[in-house]
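# Architecture and fold: a report
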Amino acid sequence: MGPDYDLDELYANTYTEEDRLAHRNRPISGKRFVIAWAAAVVGGLVGAQRWYLGLFATAAVKTLLFGLALMLFAVDQIGPALAAMSITGAWTIIDLFLLLSGTMRDRRDHELAGYERWAGPCAAVTVLLFAGMLVVALVMGTSSGVAGS
């Protein structure tokens, strides 16, 4: 067996004064966290949060993919349309997780203003929205099964 390490001693004081200064002096974006989060919740399927944060290439791809899904629905290509819509939906959920974890930043890779203040409340609202959508989907699914009988 390997040598015994005192993990408390090993990890004690690893957060140095230099680390504290770097955290305090980190660049903060002019873009607001709450606005990016609201854009993701309301217009996430078209990449609204990415347009807001200046991530133009991926925003354009997401918007075009959503437009493709709408066009496929219009020409009655349901399978491919649902696939494209599923990709944009999953991408939106991933973007919400990236925003709420602080990983998604503006185009200059700066932390969004207000993140520390609003991440918790926005995460709680996001969970409530997902739970509400799940309940609505379950009610619609069970009621359509009853009506079809």
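The notes below deal with the structure included here.

Right, let's talk about the pattern of salt bridges for a bit. This model, assessed by the stated rule, comprises five salt bridges. Across the pair Asp95 and Arg50 runs a salt bridge, and its minimum N-O distance is 2.8 Å. With a gap of 45 residues between them, Asp95 in helix α6 (residues 78–101) and Arg50 in helix α4 (residues 48–53) connect regions that are remote in the sequence. By the burial criterion, Asp95 is buried, and Arg50 matches it. The network of salt bridges with common partners includes Arg26, Glu111 and Glu116.

Below, the discussion takes up the packing of aromatic side chains. Under the criterion given, the structure shown has two aromatic pairs. With 5.4 Å between their ring centres and 85° between their planes, Phe33 and Tyr115 make a pair best called edge-to-face. Of this pair, Phe33 sits in helix α3 (residues 33–43) while Tyr115 sits in helix α7 (residues 115–147), placing them 82 residues apart in sequence. According to the relative accessible area criterion, Tyr115 is buried, its value standing at 18%. Plain terms: the ring middles of Trp51 and Phe56 are 6.0 Å apart, the flat faces sit at 45° to each other, and that makes the pair tilted. For Trp51, a relative accessible area of 39% translates into the label partly exposed. Take Phe56: its relative accessible area is 47%, and that puts it in the partly exposed class. Sitting over the ring of Tyr52, Lys31 keeps its end group 4.9 Å from the ring centre. Over the ring of Trp118 we find Arg117, and its NZ or CZ is 4.3 Å from the ring centre.

Taken together, the side chains of Val41, Val42, Val125, Leu129 and Met133 make up a nonpolar region of the molecular surface, amounting to roughly 440 Å² of accessible area. For the nonpolar patch, the elements supplying multiple residues, two or more each, are α3 and α7. Its place among the elements puts Leu129 in helix α7. On the basis of relative accessibility, which here comes to 38%, the residue Leu129 falls in the partly exposed class.

This part covers the packing of α3 against α6. One can describe the packing of α3 onto α6 by two numbers: an axis separation of 10 Å at closest approach and a directional angle of 165°. Relative to α6, α3 is oriented roughly antiparallel. Remark: the crossing between α3 and α6 carries left-handed chirality. Between α3, through Phe33, Ala36, Trp37, Ala40 and Val41, and α6, the contact on the second element is made entirely by Thr92, Leu96, Leu99 and Leu100. Looking at the contact of α3 with α6, its residues break down into eight nonpolar, one polar and no charged.

So, about the layout of surface pockets. Estimated volume of the largest pocket: approximately 240 Å³. Considering the residues around the largest pocket, the lining is formed by Ala40, Val41, Leu45, Gly89, Thr92, Ile93, Leu96, Thr126, Leu129, Phe130 and Met133. Looking at the lining of the largest pocket, the elements that each hand over two or more residues are α3, α6 and α7. Here the residues of the lining of the largest pocket sort into eight nonpolar, three polar and no charged.

So, how was this worked out
- Residues numbered from 1 in each chain as written.
- Predicted model: local features only at pLDDT ≥ 70, side-chain atom pairs only at ≥ 80, totals over all residues.
- Heavy atoms only, no water.
- Salt bridge = Lys/Arg side-chain N within 4 Å of Asp/Glu carboxyl O.
- Helix = DSSP H or I, 4+ residues; strand = E, 2+ residues; numbered from the N terminus.
- Buried < 20%, exposed > 50% of the residue type's maximum accessible area, 1.4 Å probe, protein only.
- Phe/Tyr/Trp six-rings, centres within 6.5 Å; stacked < 30°, edge-to-face > 60°.
- Lys NZ or Arg CZ within 6 Å of the ring centre and 35° of its normal.
- Patch = residues over 30% accessible without salt bridge, like charges linked within 9 Å, V, L, I, M, F, W, Y side chains within 5 Å.
- Areas by Shrake-Rupley, 256 points an atom, 1.4 Å probe, with all protein chains shown as cover.
- Axes fitted to C-alpha atoms, helices over the stretch in contact; angles between N-to-C directions.
- Parallel < 35°, antiparallel > 145°, perpendicular 65-115°, else oblique.
- Left-handed = near helix turned anticlockwise from the far one by under 90°.
- Contact = heavy atoms within 4.5 Å.
- Nonpolar A, V, L, I, M, F, W, Y, C, P; charged D, E, K, R; others polar.
- 1 Å grid on protein atoms, 1.4 Å probe; cavity = no way out; pocket = protein on both sides within 12 Å on 5 of 7 lines; lining within 4 Å.
- Points joined across faces, edges and corners; volume = space filled by probe spheres on them.

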